[in-house]
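Fold and contact review
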Amino acid sequence: MRVITTNQLSYGVPVLVILPPSETKSDGGHGAPLDLDTLSFPELNPVRKRIGEAIVDLAGDLDASRRALGLGTTQLAEVDRNADLWLSPTRPAIERYTGVLYDALDHASLTKAGKTKAAERLAIGSALFGVVRAADPIPAYRLSGGSKLPGMPTLASIWKPELSPALDAVDDFVIDLRSGVYQQLGPVRGAVTATVMTEQPDGSRKVVSHFNKHYKGLMARELVRTRRNVRDVNGLAAVLSDAGQRVEIAAPDQIVVLTD
């Protein structure tokens, strides 16, 4: 591994950061009900419709929904969300997903220019939608990347033939911050991934689990706020280094962010 210095920044190529989704989602919204034609990557709409109709049908059987979605007894309201998928109000995806990563990203505190950049630079992986852009209007729903819907193949086998080509066709430099299960839905050829590790006083390292999401949220925030575009792992690492993060390059398609 090698540490990156700030003079290795590259310019001129748009960047797309793909975030993981979250199981927790905000309620409500002021947008019209879900219209697949309003979403980015319209070539994914046939699969989106197929999966959407499947979870709406599944919502008619509470026990089957609980088993397929891995819900506890206090989470059964999630089934109602799925039942109303085509009827409930929408809001921008970046406001729909919540939790540790999205708290660190703190989209609400961005300037108007920052929010414009977020709409251009951020996408979010999804078991239901495959991937959406930050500003795409979506409803609340419940479906995880590892869920197995009755009578259907795995979500990975459904999504991969459609999602990977769609993402591979993106001209931007792609930084894939999705977790493993969502990367498997649609691997992106040539994308840079990130690993967050803690470094102990004796020099030993281990992969961060919970706070992994926090640091990836901070990474996304810096990539939205920066005035610079990056075109490779060197530029990515330089932007993060400028923001005070300890970054090493592990491979041409992988960086490591170190924490104490």
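See above for the structure.
Here's a quick rundown of the structure.

Basis of the calculations
- Residues numbered from 1 in each chain as written.
- Predicted model: local features only at pLDDT ≥ 70, side-chain atom pairs only at ≥ 80, totals over all residues.
- Heavy atoms only, no water.
- Helix = DSSP H or I, 4+ residues; strand = E, 2+ residues; numbered from the N terminus.
- Buried < 20%, exposed > 50% of the residue type's maximum accessible area, 1.4 Å probe, protein only.
- Lys, Arg positive; Asp, Glu negative; His and termini not counted.
- Salt bridge = Lys/Arg side-chain N within 4 Å of Asp/Glu carboxyl O.
- Contact = heavy atoms within 4.5 Å.
- Expected span 1.5 Å × (residues − 1).
- Arc of directions from axis to C-beta.
- Polar contact = N/O pair within 3.5 Å; in protein donor to acceptor, adjacent residues only side chain to side chain.
- Pairing = 2+ DSSP bridges.
- Core = buried A, V, L, I, M, F, W, Y, C linked by side-chain atoms within 4.5 Å.

Here we come to the side chain of arginine 221. With respect to the element layout, arginine 221 can be found in helix H9 (residues 210-225). One buried charged residue, arginine 221, forms no salt bridge at all, with the nearest opposite charge on aspartate 106 at 4.5 Å. Contact partners of arginine 221, with chain neighbours within four places excluded, come to Ala104, Leu105, Asp106, Ser109 and Leu110.

In this section: H9. Relative to the 22 Å expected for 16 residues at 1.5 Å per residue, H9 spans 24 Å between its end C-alpha atoms, a close match to the ideal helical length. Every buried residue of H9 is listed here: Asn212, Lys216, Gly217, Met219, Ala220, Arg221, Leu223 and Val224.

Those residues of helix H2 (residues 62-69) lying buried are Ala64, Ser65, Ala68 and Leu69. Seen end-on, H2 carries its buried residues on one side only, within an arc spanning 110°. Those residues of H2 hidden inside the fold are in contact with helix H1 (45-58) and helix H3 (77-83). Between the side-chain oxygen of the N-cap and the backbone nitrogen of aspartate 63 there are 3.3 Å, and the N-cap of H2 in question is aspartate 61.

Once that is clear, we can look at the pairing of strand S2 (residues 15-19). Among the five residues in S2, five count as buried, and that is most of the element. Residues Val15, Val17 and Leu19 of S2 are buried on one face, and the alternating residues Leu16 and Ile18, pointing to the opposite face, are buried as well. Relative to strand S7 (residues 173-176), S2 is paired through four bridges, and the arrangement is parallel. By the bridge assignment, leucine 16 is partnered in S7 with valine 174.

Within the largest apolar cluster, 77 residues are counted, with the highest numbers of intra-cluster contacts made by Leu19, Ile51, Leu122, Leu143 and Ile255. Of all the elements, helix H7 (residues 155-168) adds the most residues to this core, at six residues. In this structure isoleucine 255 touches Val192, Thr193, Ala194, Thr195, Met219, Val233, Leu236, Leu240, Val247, Glu248 and Ala250, once residues within four positions along its chain are discounted.

With that out of the way, let us pick up the pattern of salt bridges. Oppositely charged side chains can form a pair if their charged atoms are brought close together. The final tally for this structure, using the stated rule, is 10 salt bridges. In this structure, glutamate 78 and arginine 142 form a salt bridge, with 3.6 Å as the shortest nitrogen-oxygen distance. Pair noted here: glutamate 78 is in helix H3 and arginine 142 is in the loop between strand S6 (137-138) and H7, with a separation of 64 residues, a long-range link. Of the two residues examined, glutamate 78 and arginine 142, each falls in the buried class. Among the salt bridges present, the one from glutamate 199 reaches arginine 205, with a minimum N-O distance of 3.1 Å. Judged by relative accessible area, which is 22%, glutamate 199 ranks as partly exposed. Salt bridges linked by common partners bring Glu23, Asp27, Glu78, Arg81 and Arg142 together as one network.

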